[in-house]
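Spelled out, the chains give:
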Amino acid sequence: MTQTPSDDGAPHAAVAAALTRERLRTGLSLAEVARRAGIAKSTLSQLEAGSGNPSLETLWALSVTLDVPFARLVEPVKRPVQVIRAGEGPALAASGSDYVATVLSACPPNARRDIYRIVVEPGSPRLSEPHMPGVVEHWVLSTGRALIGPVGETVELGPGDYLSHAGDVPHLFDALEPGTTAVMVSEHV
């Protein structure tokens with residue numbers, strides 16, 4: 001019996017996200033990757049849209065073309081939860097003024113980010129359904145206290161604390177004090 005990505009544990013969405021991510025990383029067009037891999041442009045377009053059903057040979061040719069291990073195309077990327085507490089992280093001071101910049105997360109190539117200011121009051125936690133594959137959320141708590149992160153992996157944050165987590169899994173924000181505010185950056189890879 002021939003297994004396909006939908007019945008062997010490697011879902012179409014993970015393959016689609018991996019192909020798109022790796023193609024963008026190379027800077028190659030859809031047509032150029034398809035040409036180099038010896039497949040039709042329409043086939044690659046369907047695979048990146050999550051509607052194609054790739055064969056082992058097709059994925060192997062694409063992994064060679066994109067210069068990535070085969071497994072990277074079929075296994076979803078697990079993003080670790082990262083916490084930087086207030087006063088931690090690589091800090092750089094400006095000369096001539098009382099200004100310190102702490103690097104929390106450098107923007108990876110070919111990424112898109114949206115920045116939000118969030119105001120939340122205690123009560124019902126805000127449960128978010130998974131976003132598009134590859135989305136990462138970055139949080140800096142400004143005031144109050146909150147539990148933030150993937151369901152089952154939430155972290156309590158206080159003012160100035162930083163957290164990043166996968167946004168393509170169910171996640172929540174639970175304000176623990178009145179007047180809780182945060183800055184959230186949604187990164188779309």
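Here, every reference points to the structure presented above.
Residues numbered from 1 in each chain as written. Predicted model: local features only at pLDDT ≥ 70, side-chain atom pairs only at ≥ 80, totals over all residues. Heavy atoms only, no water.

Let's talk about the packing of aromatic side chains
Two descriptors summarise a pair of aromatic rings, namely the distance from one centre to the other and the angle between the planes of the rings.
Step number 1: Tallying each qualifying case throughout the model produces one aromatic pair.
Step number 2: Between the aromatic rings of Trp 139 and Phe 173, the centroid separation amounts to 5.2 Å while the plane-to-plane angle is 50°, which identifies the pairing as tilted. Taken together, the residues Trp 139 in strand E6 (residues 136-143) and Phe 173 in strand E10 (residues 171-175) connect sequence positions 34 residues apart.
Step number 3: Residue classification places Phe 173 among the buried residues on the basis of a relative accessible area of 5%. (Phe/Tyr/Trp six-rings, centres within 6.5 Å; stacked < 30°, edge-to-face > 60°. Helix = DSSP H or I, 4+ residues; strand = E, 2+ residues; numbered from the N terminus. Buried < 20%, exposed > 50% of the residue type's maximum accessible area, 1.4 Å probe, protein only.)

A closer look at the sheet that holds strand E7 (residues 146-150)
Step number 1: The strand order across the open sheet built from four strands is E5-E10-E7-E8, with neighbouring strands paired in antiparallel fashion. Only two strands of the sheet have a single partner each, and these edge strands are strand E5 (126-128) and strand E8 (155-157). Taking the axes of each pair of neighbouring strands and ignoring which way they run, one obtains an average angle of 15° across the sheet.
Step number 2: Of the pairings in the sheet, the one linking E5 to E10 comprises three bridges and is antiparallel in character. Across the sheet, Arg 126 pairs through a bridge with Phe 173, a residue of E10. (Pairing = 2+ DSSP bridges. Axes fitted to C-alpha atoms, helices over the stretch in contact; angles between N-to-C directions.)

With respect to the sheet that holds strand E11 (residues 180-188)
Step number 1: If you walk across this open sheet you meet the five strands as E1-E9-E6-E11-E4, and the pairing is antiparallel. Edge positions in the sheet fall to strand E1 (82-84) and strand E4 (112-120), since each has one partner strand and no second. The mean angle between the axes of side-by-side strands here comes to 20°, regardless of whether they run parallel or antiparallel.
Step number 2: Summarising the sheet, E4 and E11 pair through nine bridges and their orientation is antiparallel. What sits directly across from Arg 112, in E11, is His 188.

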